[in-house]
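Close look at the chain arrangement
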Amino acid sequence: MRTGQIWQWLYQKGVRDFDAMTNLAKGYRAELAERFVIELPEVVTRQISDDGTRKYLVRIAGGHEVETVYIPEEGRGTLCISSQVGCTLTCSFCHTGTQKLVRNLTAGEIIGQVMLARDDLGEWPEPGHNPHDETRLLSNIVLMGMGEPLYNFESVRDAMKIAMDPEGISLSRRRITLSTSGVVPEIARTATEIGCLLAVSFHGTTDEIRDTLVPINKKWNIETLLEALRAYPKLSNSERITFEYVMLKDVNDSDEDAHRLVQLIKGIPAKINLIPFNEWPGAPYERSSNNRIRAFADIIYKAGYASPIRKPRGEDIMAACGQLKSATERVRKGRAAIAAEAGIAP
Ligand code: SAH
Ligand code: SF4
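Residues numbered from 1 in each chain as written. Chains lettered and ligands numbered in written order. Predicted model: local features only at pLDDT ≥ 70, side-chain atom pairs only at ≥ 80, totals over all residues. Heavy atoms only, no water.

1. Focus: the packing of helix α8 (residues 255-264) against helix α9 (residues 290-302)
Orientation of α8 relative to α9, taken along the N-to-C sense of each, is 30 degrees, at an axis distance of 9 Å. The pairing of α8 with α9 is recorded here as roughly parallel in orientation. Here the hand of the crossing between α8 and α9 comes out right-handed. Facing α8, whose interface residues are D255, D257, A258, H259, L261 and V262, α9 presents R292, F296, I299 and I300. Split by residue class, the contact of α8 with α9 holds 6 nonpolar, 1 polar and 3 charged. (Axes fitted to C-alpha atoms, helices over the stretch in contact; angles between N-to-C directions. Helix = DSSP H or I, 4+ residues; strand = E, 2+ residues; numbered from the N terminus. Parallel < 35°, antiparallel > 145°, perpendicular 65-115°, else oblique. Left-handed = near helix turned anticlockwise from the far one by under 90°. Contact = heavy atoms within 4.5 Å. Nonpolar A, V, L, I, M, F, W, Y, C, P; charged D, E, K, R; others polar.)

Structure below.
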């Protein structure tokens, strides 16, 4: 019962002081304060885009920094959160992929991003009066920030449990989407241990091209990945897997690619989210033209799949997909130096 009470103060009212938890006995509050601290990652800077997108540069223990992005849309607001500082993977079109992994975020640092966004949005309702998901400013979460969430499975899972718990942030599991580059052995656990929706960074329709774009494909190729997705439980038409597909000029955007894509995913309840490539300094690719993207989308649509084109948001503040990279880690350090500093083995 006490846990439930504390969770409500923390996650539903946004209280940061044990002494303000007035339904707990005074002595008990004092004991809590002696033993625990309530701490959020620190917001170092907040930038607001012309389109209303907010990007937070967030400092976590050890002085490391990650970015969190809030995207307001008609009828909903999505928070894009990070799970790692940097990334072990090196997808060739992704800015984060040029930054080596510094460390995994803790569950507290992951859910802390939700808390600090709610602080900034001024969205702490009375306990027991949680607004419906659809009327919340922060109504959806996507694990699409920095890092590969399935390489930090336990912390991501524990944080999302808090996000979904009725005594926690209380968001429906259908409003949380985890995006993976294709860490095949962890995909089944995503369904059974988290139960959120799944998005997969597909991006290529032959192993040859996917190897160059998403190098994890060398470990688990397209066929292995599709097998895992076919087995993903709880598939229904309302719970389709999202295939993310970045549109790179003359690399993966031909009609043949579109036809191959629909052949490959046959039998999987899916929607294909086309992402116009977002540029970053020194990026080795260009964005496909709007006409090309539309033609590609059309082939997929005619094959019976929804094929929305993702609108780039917050480009002017480098907040769009794949543009995140923390400023202080921008200068590349040696892997060993980074690992030593973070207290993890290289
Ligand atoms: N690491 C996870 C989640 C983070 S990336 C993953 O790879 O799935 C979220 C999405 O943005 C992924 O589909 C990723 O491939 C895509 N992305 C990365 N860089 C991009 C860029 N420069 N332009 C457009 N999309 C990009
Ligand atoms: Fe890492 Fe995802 Fe970027 Fe690939 S696309 S480098 S997995 S963050």
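2. Quick notes on the confidence of the model for the protein
Scored by pLDDT, the protein comes out at a mean of 90, with 92% of its residues at no less than 70. In the predicted structure, residues 330-339 sits below a pLDDT of 50 and forms 16 contacts with residues beyond four places in sequence or in another chain. For residues 341-346, every residue scores under 50 in pLDDT, and the model assigns this stretch 11 contacts once sequence neighbours within four places are set aside. (pLDDT = per-residue confidence, 0-100.)

3. A closer look at the domain arrangement of the protein
Domain parsing of the protein yields domain 1 (1-38) and domain 2 (41-342). Distance from the C-alpha centre of domain 1 to the C-alpha centre of domain 2: 33 Å. Every contact between the two is made by 9 residues of domain 1 and, on the other side, 15 residues of domain 2. In this assembly, domain 1 packs against domain 2 so that about 1100 Å² is buried in total across both faces, 55% of it on carbon and sulfur atoms. Taken as a group, W7, Y11 and Q12 account for 58% of the area that domain 1 buries against domain 2, more than any other trio of residues on that side. Linking domain 1 with domain 2 are 1 salt bridge. The salt bridge involving D119 is made with R16; its shortest N-O contact spans 2.8 Å. There are 4 residue pairs in polar contact (both at pLDDT 80 or more) connecting domain 1 and domain 2. (Domains from an automatic or database assignment. Buried area = accessible area lost by both parts, 1.4 Å probe. Salt bridge = Lys/Arg side-chain N within 4 Å of Asp/Glu carboxyl O. Polar contact = N/O pair within 3.5 Å; in protein donor to acceptor, adjacent residues only side chain to side chain.)

4. Concerning helix α3 (residues 107-121)
If you check α3, its first and last C-alpha atoms are 22 Å apart, about what 15 residues at 1.5 Å a residue would give, namely 21 Å. Approximately 25 degrees is the largest bend angle found in α3, and it occurs at Q113. With 12 of 15 residues buried, α3 is to be regarded as a mostly interior element. When we look at burial in α3, the residues that qualify are A107, E109, I110, I111, G112, Q113, V114, M115, L116, A117, R118 and L121. Looking one or two residues past α3, G122 carries a phi angle of roughly 65 degrees, positive in sign. (Expected span 1.5 Å × (residues − 1). Bend = angle between axes of the 7 residues up to and from the residue. Buried < 20%, exposed > 50% of the residue type's maximum accessible area, 1.4 Å probe, protein only.)

5. Concerning the site of ligand 1
Inspection of the region around ligand 1 gives 21 residues, with G147, S179, S201, H203 and N278 positioned closest. The side chain of S201 places a nitrogen or oxygen atom 2.6 Å from an oxygen atom of ligand 1. At 2.6 Å, a side-chain N or O of H203 approaches an oxygen atom of ligand 1. Surface burial for ligand 1 is 95%, taken as the share of its 530 Å² of free accessible area covered by protein chains. Of all the secondary-structure elements, those providing two or more residues to the shell around ligand 1 are β8 (176-180), β10 (241-247) and β11 (270-276). (Near = heavy atom within 4 Å. Areas by Shrake-Rupley, 256 points an atom, 1.4 Å probe, with all protein chains shown as cover.)

6. What about the sheet that holds strand β3 (residues 64-73)?
Read across the open sheet, the 9 strands follow the order β1-β2-β3-β4-β7-β8-β9-β10-β11; overall the sheet is mixed. The open sheet has two edge strands, β1 (42-48) and β11, and neither has a second partner. On average, each strand axis in the sheet is tilted by 20 degrees relative to the strand beside it, whichever way the strands run. Here strand β7 (residues 140-143) runs beside β8; their pairing, made up of 3 bridges, is parallel. Pairing of V142 across the sheet is with T177, part of β8. Lying on the sheet, α9 is in contact with β10 and β11; it crosses β11 at an angle near 175 degrees. (Pairing = 2+ DSSP bridges.)

7. Quick notes on the pairing of β3
With 8 of 10 residues buried, β3 lies mostly within the body of the structure. Here strand β2 (residues 54-60) runs beside β3; their pairing, made up of 7 bridges, is antiparallel. Across the sheet, residue R54 finds its bridge partner in β3, namely Y70. From the end of β2 to the start of β3, which pair antiparallel, there are 3 residues, and G62 there has a positive phi angle of about 90 degrees. For β3 and strand β4 (residues 76-80), the ladder comprises 5 bridges, and the chain directions are antiparallel. Its bridge partner lying in β4, Y70 is registered against L79. What sits between the antiparallel neighbours β3 and β4 is a turn of 2 residues, in which G75 has the positive phi angle 80 degrees.

8. A short note on the packing of aromatic side chains
What the rule picks out here adds up to 4 aromatic pairs. Note on W7 and Y11: the rings are 5.2 Å apart at their centroids and 75 degrees apart in plane angle, and the pair reads as edge-to-face. With W7 and Y11 both in helix α1 (residues 2-12) and 4 residues apart, the pair spans about one turn of that helix. On the accessibility criterion, W7 (24% relative accessible area) is partly exposed. Aromatic side chains F277 and Y285 sit 6.2 Å apart centroid to centroid with 85 degrees between the ring planes, which places their arrangement in the edge-to-face category. Relative accessible area serves as the criterion here: at 1%, F277 is assigned to the buried category. Among the residues examined, Y285 registers a relative accessible area of 17% and is labelled buried. (Phe/Tyr/Trp six-rings, centres within 6.5 Å; stacked < 30°, edge-to-face > 60°.)

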